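Chain by chain, the residues run as shown.
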Amino acid sequence: MPLNGHPLQFNDIQAILPHRYPCLLVDRVLPAGTCIAEGRLSAIKNITANEPTFWSGHAHFAGFPGVLLVEALAQSTGLLAHYYLGALNEGEHYYFAAIQRARFYRAARPGDQVLMEVAFVRRRGAIARFTGRASIDGQRICTADFMCARK
């Protein structure tokens with residue numbers, strides 16, 4: 001198992017994903033809840049007040065945008081794809097191909113720690129399906145299904 005009982009830290013995540021600040025939205029991959037052999041991965045995103053997304057001037061509502069929650073889940077899916085579907089050959093990449101059934105239940109606010117759980121559903125050729133759930137303190141805030149293409 002790639003985690004060997006230890007969390008993947010920010011530098012490890014940057015070695016896998018091409019995203020960089022402020023677009024990298026996964027802070028840590030947790031060993032608890034992650035089982036690559038079963039196609040599951042758990043990651044966290046810490047929501048802070050100094051995120052560029054909160055500079056909108058709406059101090060009375062400082063909610064983390066839903067589209068960025070979906071992006072954080074998609075990045076977690078990319079990490080799972082990297083480990084579960086195998087390492088890429090030179091010149092290959094995983095591409096975010098589709099999102100389906102995205103639902104938002106509550107906003108994440110500064111000070112929240114979002115737990116993102118993604119799971120492999122199935123694979124057909126170069127296309128793989130995943131499902132994701134984001135929660136805060138056990139209460140779901142976002143769910144979505146993803147498709148990932150390997151090219």
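That block above? That's the structure.
Let us look at the structure shown here. Remember, predicted model here, so these are calculated numbers, not experimental data.

**Quick notes on the overall build of the protein**
- Helix and strand counts for the protein stand at two helices and six strands.
- For the protein, the succession of helices and strands along the chain, N to C, is α-β-β-α-β-β-β-β.
- Evaluated residue by residue, the protein yields a buried proportion of 38% over its 151 residues.
- Across the protein, every contact between residues at least 6 apart in sequence was considered, and the portion connecting residues at least 24 apart equals 62%.
- For the protein, the exposed area adds up to about 8200 Å²; of that, 53% sits on carbon and sulfur atoms.

**Topic: the side chain of D27**
- Note that D27 resides in the loop between α1 (10-16) and β1 (28-35).
- Buried within the structure, D27 lacks any salt-bridge partner; its nearest side chain of opposite charge belongs to K45, at an N-O separation of 4.3 Å.

**Some words on the pairing of strand β4 (residues 113-124)**
- Note: strand β2 (residues 40-46) against β4, seven bridges, orientation antiparallel. By the bridge assignment for β4, L41 is matched with V118.
- Of the pairings in the sheet, the one linking β4 to strand β5 (residues 127-136) comprises nine bridges and is antiparallel in character. Of the residues in β5, the one forming a bridge with V118 is G132.

**What about the environment of G132?**
- Secondary-structure assignment places G132 in strand β5.
- By relative accessible area, G132 is classed as buried at 4%.
- Spatially, the C-alpha atoms of G132 and D145 are 6.1 Å apart, while their sequence positions differ by 13 residues.
- Those residues in contact with G132 that sit more than four places away from it in its chain are L73, E117, V118, C142, T143, A144 and F146.

**Notes on unusual backbone geometry**
- Backbone geometry at R101 places phi at a positive 50°, although glycine is not the residue there.
- Along the chain, the position of R101 falls in strand β3 (residues 94-104).
- Here D137, not a glycine, exhibits a phi torsion of approximately 50°, which is positive.
- Within the element layout of this structure, D137 appears in the loop between β5 and β6 (139-150).

**Here's the deal with helix α2 (residues 66-84)**
- Taking 1.5 Å as the rise per residue, α2 with 19 residues should run 27 Å; its terminal C-alpha atoms sit 26 Å apart, in good agreement.
- Every buried residue of α2 is accounted for by L69, V70, A72, L73, A74, Q75, S76, T77, G78, L79, L80 and A81.

**A few points about the packing of aromatic side chains**
- Taken as a whole, this structure holds three aromatic pairs when the rule is applied.
- Ring geometry for F96 and F146: centres 5.7 Å apart, planes at 50°, overall tilted. Placement of F96 in strand β3 and of F146 in strand β6 is noted, with a sequence separation of 50 residues between them.
- Its relative accessible area of 47% is what places F96 among the partly exposed residues.
- Between F120 and F130 the ring centres are 5.7 Å apart and the planes differ by 75°, which places this aromatic pair in the edge-to-face class. Here F120, found in strand β4, pairs with F130, found in strand β5; they are ten residues apart in sequence, far enough to count as distant.

The rules we used
- Residues numbered from 1 in each chain as written.
- Predicted model: local features only at pLDDT ≥ 70, side-chain atom pairs only at ≥ 80, totals over all residues.
- Heavy atoms only, no water.
- Helix = DSSP H or I, 4+ residues; strand = E, 2+ residues; numbered from the N terminus.
- Buried < 20%, exposed > 50% of the residue type's maximum accessible area, 1.4 Å probe, protein only.
- Contact = heavy atoms within 4.5 Å.
- Areas by Shrake-Rupley, 256 points an atom, 1.4 Å probe, with all protein chains shown as cover.
- Lys, Arg positive; Asp, Glu negative; His and termini not counted.
- Salt bridge = Lys/Arg side-chain N within 4 Å of Asp/Glu carboxyl O.
- Pairing = 2+ DSSP bridges.
- Expected span 1.5 Å × (residues − 1).
- Phe/Tyr/Trp six-rings, centres within 6.5 Å; stacked < 30°, edge-to-face > 60°.

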